Amino acid sequence: MKVGDRVRIRESVIVYHHPEHKKEPFDLKGMEGEIMDIVTNWQGRPVSANLPILVKFEKRFKAHFRDQEVEVMEIDSL
């Protein structure tokens, strides 16, 4: 996985900060987005983040995930 890859959420992940479902549980399983960052350092210091993969979805929505919660989508060649 690398920054810019299209990914799909393959496990059930419940969030409470989705813009269309504020303060309500919302399952992200099956949603697709783009990897914006893989957190390996913070302020120039190495870190071991629990949820290192930052994924951006539509409408300014972002969330952090573990690597086993996302899968890279294969681009079909024409």
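Caption draft 1: Just the pattern of salt bridges, in detail. The final tally for this structure, using the stated rule, is five salt bridges. Among the salt bridges present, the one from glutamate 69 reaches arginine 66, with a minimum N-O distance of 3.2 Å. Exposure remark for arginine 66: the relative accessible area of 37% places this residue in the partly exposed category. Through salt bridges that share partners, Arg6, Arg8, Glu32 and Glu71 make up one connected network.

Caption draft 2: The pairing of strand E8 (residues 62–65), seen in detail. In E8, alternate side chains face the same way, and those of Ala63 and Phe65 are buried while those of Lys62 and His64 on the opposite face are not. In the sheet, strand E7 (residues 53–56) pairs with E8 via four bridges, with the strands oriented antiparallel. Across the sheet, residue leucine 54 finds its bridge partner in E8, namely histidine 64. Hairpin connection of E7 to E8: five residues between the antiparallel strands, including lysine 59 at a positive phi of 55°.

Caption draft 3: Inspection of the sheet that holds strand E4 (residues 32–38) at higher detail. Strand order in the open sheet formed by five strands is E8-E7-E4-E1-E9, with antiparallel pairing between adjacent strands. Every interior strand has two partners, whereas the edge strands, E8 and strand E9 (70–72), have only one. Each strand of the sheet is rotated relative to its neighbour by a mean of 45°, with strand direction disregarded. Across three bridges, the pairing between strand E1 (residues 6–9) and E4 is antiparallel. By the bridge assignment for E4, arginine 8 is matched with glutamate 32.

How each quantity is defined
Residues numbered from 1 in each chain as written. Predicted model: local features only at pLDDT ≥ 70, side-chain atom pairs only at ≥ 80, totals over all residues. Heavy atoms only, no water. Salt bridge = Lys/Arg side-chain N within 4 Å of Asp/Glu carboxyl O. Buried < 20%, exposed > 50% of the residue type's maximum accessible area, 1.4 Å probe, protein only. Helix = DSSP H or I, 4+ residues; strand = E, 2+ residues; numbered from the N terminus. Pairing = 2+ DSSP bridges. Axes fitted to C-alpha atoms, helices over the stretch in contact; angles between N-to-C directions.

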